[in-house]
Amino acid sequence: MATEPILYTVGVAPHLRSRTSIAALNWTMVLALLPTEIAGAVGHAYGSASGGQVDLGTMSQTLTAVASGLGVEAASLWFLGIMGTLTMALGLGMLVEYLTQVLMRQPYRALDGHGALMGALLGLMMPPTTPWWVLFFGILLAIVLGKQLYGGIGGYAMHPAVVGWLILLLSWPHHLYPIGSASIAAASVWSVGATLAGGLFLWWQGCIRPQIPIAALASVAVFSLLFASRLNGGPLDQILDGHVILGAFFLATDATSSPANRRALWIYGAGFGFLTVLIRAFGVWPDAVPFAVLLMNILSPLLDRLKPRMREVRAS
Amino acid sequence: MTSAGLNLSVKIGKPRLWQRLCGVADFSCPLSVSPLAFRDLGLPPMLSFFLGRSQGQVIGPAVLVGDEVSPGQALGKIDDKSFRPSPVAGVIRAVRECPDIQAGPGGTAVLIEPASAVTAPVFAALDAKSAAVEAVMERWRVAAIRLGNRPRSLLVDALSGTASLVVLVSDQEPGVRVAASLLAERGDDARRAVALLARVSGVQKLWVGAAATQSEAAGRLCPSSATGLLTLPARYPHTLAPMVAARTGDAQALVVSLETALAAYDAVVHGRLQEHKLLTLVNSRGASIENLQVAMGTRLSDLVAACNLRLHSGDKLVAGGLMGGTSQYSLEAAVDEGVDALVHVPGEEVVPFTDEPCINCGACIDVCPLRLQVQNIGRYSEFGKFSEARAYGLDACIECGLCASVCTARRPLLQLIRMAKRELAQQAAADEAVREASGGD
């Protein structure tokens, strides 16, 4: 006999459990955003997206002067600044989530990466010229209003980052759509390609289910042919423009605000594509993706009523 | 040979690339059907026979400490009816409280120090081809041939009122290779056992249920037209009793393991009680380590010592399979008819369930063999809305546990489902009692 009694772990069946978790899911998504972040920062700093060309007044002139005085290329400064902003957004997301969980006496889940993901997504949807306090407000609203007031992860009806982005758009449209500057994620065709690579990585890792992106991209292509007369460019331009790829792979696929049944996912994805094209063709806003995501989010409980037919093996 | 079958360990949580590309999270565990030799562990110094409960009442012992028992002597009694014959000769050393090896409240166990292995038949041998049906049934009742279900019911009780019977020659849980190995070792006896069951059981149709990879060996078991071969996919939930029964077209069909069928055959033809239990030692990822032949009533402490398992605090020891087995808190519990596997999960490999909220990711829906809305059943059950859970397929659930295996939020979905079912059953019983009381006045 052993001197100390052995205490066994007891638990309910099944005892074979996958190692997947909410944290693994969210941090993989944060990781999958990294190519977009780098490509976006490079696009803005060194490319023609805007970056160095945007005049931010005395502040940027002074900074550029200081940088050149120190022997640092201004573009590198822009690159580091954008990466720093995105890191700050990620950290702010976690911080705000943690603080609200303290105030709401909820279990602390900030380390599960969902707040970080929301912060990173919101940062990516901003132009690099957005003041830091606008970004801060966006993250605060996204986490508090968009997520925690609904009860946190698993409870919200609409994608928190998109909610935050829309409130910012209504409050400070000139900061979200400054003339001559695209958002970080939409800096160039390279950053959109990087987003696509990140999305395919997520699919490969099993973090997202493929129905939404496939249906979304197909539907954008089809409806942009239908509404071709009111749009600039063909289907490929529509897919590569703005946040369509980001929306199809990262925003619309958010588990909590999207349906769970497979048939519902196809319709959800197709609806996202249709609304994107519709708003682009007939709406006033340049980027329709967040609106499309939000509208489909609201429809998702309804779509989830499309249940698969149960297999009955029990005599009732 | 019987089969050059699958010998894959379970890769749960790691679906193949094509499965990911198609969006099918098919985590169904492959079942091994290649035979594995049994290692006889011999007779341990002490055997424990759990008497359990009958309708909530602890079953009392029919023997006293110090008594000598002979094979076939009843160890317990329910309402003066004898219960649980001892398969060995020996001396009663203790009668005490003992945990149930299945999840359930404890009860009385009788501890016997066995004298020697039983060699002589306990009952007179009957002829399998000509013995009267009543004589065979009586033999099965006296020999207490029990099923491995939960709670272990007598074969004769289960047979009454059953129209279809399935003898399952494939195993039910990942890594378990008892039935597949038994089919390879005792193929001829298996054929005679099936013939005996077909003649005696009185069912309209008898099936032999076998994994697709075993169909050749299983086909030899059913020569007559009254016996059908039921081919099952060699993947985890498809060989569970409700899934097998559904394939026969009769959802009430009784599913009997090959080991039980052979025990019933031995009781008739060789006049033996079921002295042994066959089980597989399985690792935490669902791969078989070895097949064991242990004496019925062997305590887990003796079994663990014989298998050289090094147990530490925090480890999980599971009796029964990985998917449906029961984790043990004491090594006092003893092997009985339902224990097909012993699994040692090292502490660092235990993935505990959490109380995270459902994030609606749909992994459970993708994996559910019945396409139930598991996410909603879990949510409603968690918040006590059990009748709402019914609308999403609660009653259809066969409790295979795949949903809880893959849940992203690590929710104890199977436990939530069982809780909802239990609460609804209790509620229905209470309503029934009220209705009867008011009707009686």
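The structure displayed is predicted, hence computed values, not measured ones. (Residues numbered from 1 in each chain as written. Chains lettered and ligands numbered in written order. Predicted model: local features only at pLDDT ≥ 70, side-chain atom pairs only at ≥ 80, totals over all residues. Heavy atoms only, no water.)

The subject of this paragraph is the overall build of chain A. Of regular secondary structure, chain A possesses 14 helices and 0 strands. Secondary structure elements in chain A, listed N-terminal to C-terminal, are α-α-α-α-α-α-α-α-α-α-α-α-α-α. In terms of overall dimensions, chain A is globule-like: its C-alpha atoms have a radius of gyration of 22 Å, near the 20 Å expected for 316 residues. Taken along the three principal axes of its C-alpha coordinates, chain A extends 75 × 60 × 35 Å. Sequence separation of at least 24 residues holds for 77% of the intrachain contacts in chain A that already meet a minimum separation of 6. By element, 69% of the accessible surface of chain A is carried by carbon and sulfur atoms, the whole surface being about 14000 Å². Of the side chains in chain A, 15 bear a positive and 12 a negative charge, and the two mean positions are spaced by 18 Å. (Helix = DSSP H or I, 4+ residues; strand = E, 2+ residues; numbered from the N terminus. Rg over C-alpha atoms; globule rule 2.2 N^0.38 Å. Contact = heavy atoms within 4.5 Å. Areas by Shrake-Rupley, 256 points an atom, 1.4 Å probe, with all protein chains shown as cover. Lys, Arg positive; Asp, Glu negative; His and termini not counted. Charge placed at Lys NZ, Arg CZ, Asp CG, Glu CD.)

Another point: the overall build of chain B. Helix and strand content of chain B: 14 helices and 19 strands. Taken against the 2.2 N^0.38 rule, which gives 22 Å for 441 residues, the C-alpha radius of gyration of chain B at 22 Å falls within 12% of a compact globule. Per-residue burial for chain B yields a buried fraction of 57% across its 441 residues. The contacts in chain B between residues at least 6 apart in sequence include a share of 67% that link residues at least 24 apart. As displayed, chain B has an accessible area near 17900 Å², and 52% of this comes from carbon and sulfur atoms. Taking the average location of the 42 positive side-chain charges in chain B and that of its 44 negative ones, the two points are 5 Å from each other. (Buried < 20%, exposed > 50% of the residue type's maximum accessible area, 1.4 Å probe, protein only.)

Attention now moves to the sheet that holds strand β5 (residues 60-61) of chain B. All names here are of chain B. Sheet architecture is open: 3 strands sit in the order β5-β7-β8, paired in antiparallel fashion. In the strand order of this sheet, the two ends are held by β5 and β8 (81-85), each with one partner. Note that β5 and strand β7 (residues 74-78) share 2 bridges and pair antiparallel. By the bridge assignment for β7, Pro61 is matched with Gly76. (Pairing = 2+ DSSP bridges.)

Quick look at the domain arrangement of chain A now. Residue and element names in this part refer to chain A. Each domain of chain A was delimited in the assignment, giving domain 1 (22-51 + 66-207) and domain 2 (210-305). Centre-to-centre separation of domain 1 and domain 2, based on C-alpha positions: 20 Å. Listed by partner, the interface residues are 33 residues for domain 1 and 23 residues for domain 2. Both faces considered, domain 1 and domain 2 share a buried interface measuring about 2500 Å² in area, 82% of it formed by carbon and sulfur atoms. The interface formed by domain 1 and domain 2 contains 0 salt bridges. Between the two partners, domain 1 and domain 2, sit 4 residue pairs in polar contact (both at pLDDT 80 or more). When residues of the side of domain 1 that touches domain 2 are traced back to their parent elements, those giving at least two are α1 (22-32), α5 (114-124), α7 (160-171) and α9 (189-204). Among the elements that take part in the side of domain 1 that touches domain 2, α9 stands out by supplying 9 residues, more than any other. Across the side of domain 1 that touches domain 2, the residue classes break down as 25 nonpolar, 8 polar and no charged. (Domains from an automatic or database assignment. Buried area = accessible area lost by both parts, 1.4 Å probe. Salt bridge = Lys/Arg side-chain N within 4 Å of Asp/Glu carboxyl O. Polar contact = N/O pair within 3.5 Å; in protein donor to acceptor, adjacent residues only side chain to side chain. Nonpolar A, V, L, I, M, F, W, Y, C, P; charged D, E, K, R; others polar.)

The next thing to look at is the interface of chain B and chain A. The partner chain A presents 46 residues to the 75 residues of chain B that form the contact. Approximately 5100 Å² of surface area, both sides summed, lies buried where chain B meets chain A, with 54% of it carried by carbon and sulfur atoms. At the boundary of chain B with chain A, the tally comes to 3 salt bridges. Residue Asp366 of chain B pairs with Arg262 of chain A through a salt bridge whose shortest N-O separation is 2.8 Å. Our enumeration of links across chain B and chain A arrives at 25 residue pairs in polar contact (both at pLDDT 80 or more). Elements represented by at least two residues in the side of chain B that touches chain A include exactly α1 (17-21), α7 (241-248), β17 (316-319), β18 (326-327), α10 (363-367), α13 (402-406) and α14 (413-440) of chain B. If you tally residues by element for the side of chain B that touches chain A, the top one is α14 of chain B, at 4 residues.

As a further point, take the nonpolar core. Judged by nonpolar contacts, the single largest core of 173 residues is most densely connected at Phe250 of chain A together with Trp140 and Leu258 of chain B. In this structure, this core is formed jointly by two domains, domain 1 (22-51 + 66-207) and domain 2 (210-305) of chain A, each of which donates at least three residues. Beyond its immediate sequence surroundings of up to four residues, Trp140 of chain B is in contact with Ile145, Leu155, Val156, Leu159, Leu196, Leu197, Val200, Ala264, Ala267 and Val268 of chain B. Membership of the second largest hydrophobic core comes to 19 residues, among which are Tyr8 of chain A together with Ile101, Val294 and Leu342 of chain B. (Core = buried A, V, L, I, M, F, W, Y, C linked by side-chain atoms within 4.5 Å.)

Further remarks concern the pairing of strand β12 (residues 205-211) of chain B. The two faces of a sheet get side chains in turn, since along a regular strand they alternate between them. Residue and element names in this part refer to chain B. The element β12 is largely enclosed, with a buried count of 6 among its 7 residues. Summarising the sheet, β12 and strand β13 (residues 227-232) pair through 6 bridges and their orientation is parallel. Directly across from Trp207, in β13, lies its bridge partner Gly228.

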